[in-house]
Amino acid sequence: MQDRPYRSALYIPGSKDRALDKARDLPVDVILFDLEDAVAPDAKIAARDTLYAALATGGYGPRLKIVRINGLDTPWGVEDAAAVAAMACDGVLLPKVNGPGDVDALAGLVPDLPIWAMMETPQGILNAAQIAAHPRIAGFVLGTNDLAKDLNSRGRAALMMALQHCLLAAKAARIIALDGVYNAFKDEDGLRAECAEGRDMGFDGKTLIHPAQVAIANAAFGPSEDEIALARRQITAFETAEADGQGVAVVDGRIVENLHIVTARATLAKAEAIAALESA
């Protein structure tokens, strides 16, 4: 799962044909087809057929296609899971995961699909390590709006412990972690700042609510030209030092050791994966 980019993950309502069609041409890395929050209660059953037809038609290219179902404790969740099991998608996203038992319940309904967990409840955050370690879990999606509601908190700073706790669990289990949404979709500067913060923390990408946010997320979570150039210079310098029997090199006045080369090679691999995705 780590060999592809996850810079941008856009929620698309599973009930709206126009949005489903438009998503085929958006430069996103991940599409989160939503049967939960983005679909009104009286449209949820019909949305399954609408989404099934859209995915069967295809045209989404190499984008990762994940379907968010309703919770299994709702009137729609179990039938959502049964429907998604037959869809041409790459994974299923379960909301409000509180513990590994919730993953077990879904695993029996979708035996052939990777499972992603919405981390958006206090209990789920506390159980993040156990959830991440579940053999069927492929990634975390942070549900910061629901988490803030349950915590009765205001501002992103109040969520930092939860974000970092989930990141630690995800990294320990070697799964993907996607940051929560930024609600003010017209505030480009605010989005850019939050994307930069999420990337610096270690998130693999950002979940988005509007196509206008895609370009900023892609730029923030992809390596810049300067970062790519530095990675190449570090690798060249280190290989030269090794050939001379040295264990370290110096680039731009900074020591470069093997651990930096691991990061440099990962940067180049990510750049190559992004280029391949964008040219597909």
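For the structure given in this document, a descriptive report is provided here. Values in this document were obtained by computation on a predicted structure and should not be read as measured data.

## Comments concerning the nonpolar core
Counting 61 residues, the largest nonpolar core has Phe33, Val67, Val84, Met119 and Phe140 as the members making the most contacts within it. With seven residues, the single largest contributor to this core is helix H8 (residues 160-173). Once residues lying within four places of it in the same chain are set aside, the contact partners of Val84 are Leu35, Val67, Ile69, Cys89, Val92 and Leu113. Tyr6, Ala9, Ala138 and Leu178 belong to the second-largest nonpolar core, a separate cluster that totals 15 residues.

## Things to note about the pattern of salt bridges
Inspection of the entire model under this criterion finds 22 salt bridges. Note that Glu36 is salt-bridged to Lys96, the shortest N-O span being 3.8 Å. Of this pair, Glu36 sits in the loop between strand E2 (30-34) and helix H2 (44-57) while Lys96 sits in the loop between strand E4 (91-94) and helix H4 (100-107), placing them 60 residues apart in sequence. When its relative accessible area of 35% is taken as the criterion, Lys96 is described as partly exposed. Two residues, Asp80 and Arg48, come together in a salt bridge whose shortest N-O distance is 2.6 Å. Taken together, the positions of Asp80 in helix H3 (residues 77-84) and Arg48 in helix H2 put the pair 32 residues apart, joining distant regions of the chain. On the basis of relative accessible area, Asp80 is assigned to the buried category, the value being 0%. Of the residues examined, Arg48 reaches a relative accessible area of 8% and is grouped as buried.

Criteria and cut-off values
Residues numbered from 1 in each chain as written. Predicted model: local features only at pLDDT ≥ 70, side-chain atom pairs only at ≥ 80, totals over all residues. Heavy atoms only, no water. Core = buried A, V, L, I, M, F, W, Y, C linked by side-chain atoms within 4.5 Å. Buried < 20%, exposed > 50% of the residue type's maximum accessible area, 1.4 Å probe, protein only. Helix = DSSP H or I, 4+ residues; strand = E, 2+ residues; numbered from the N terminus. Contact = heavy atoms within 4.5 Å. Salt bridge = Lys/Arg side-chain N within 4 Å of Asp/Glu carboxyl O.

On their own, these measurements won't tell you what the molecule is for.
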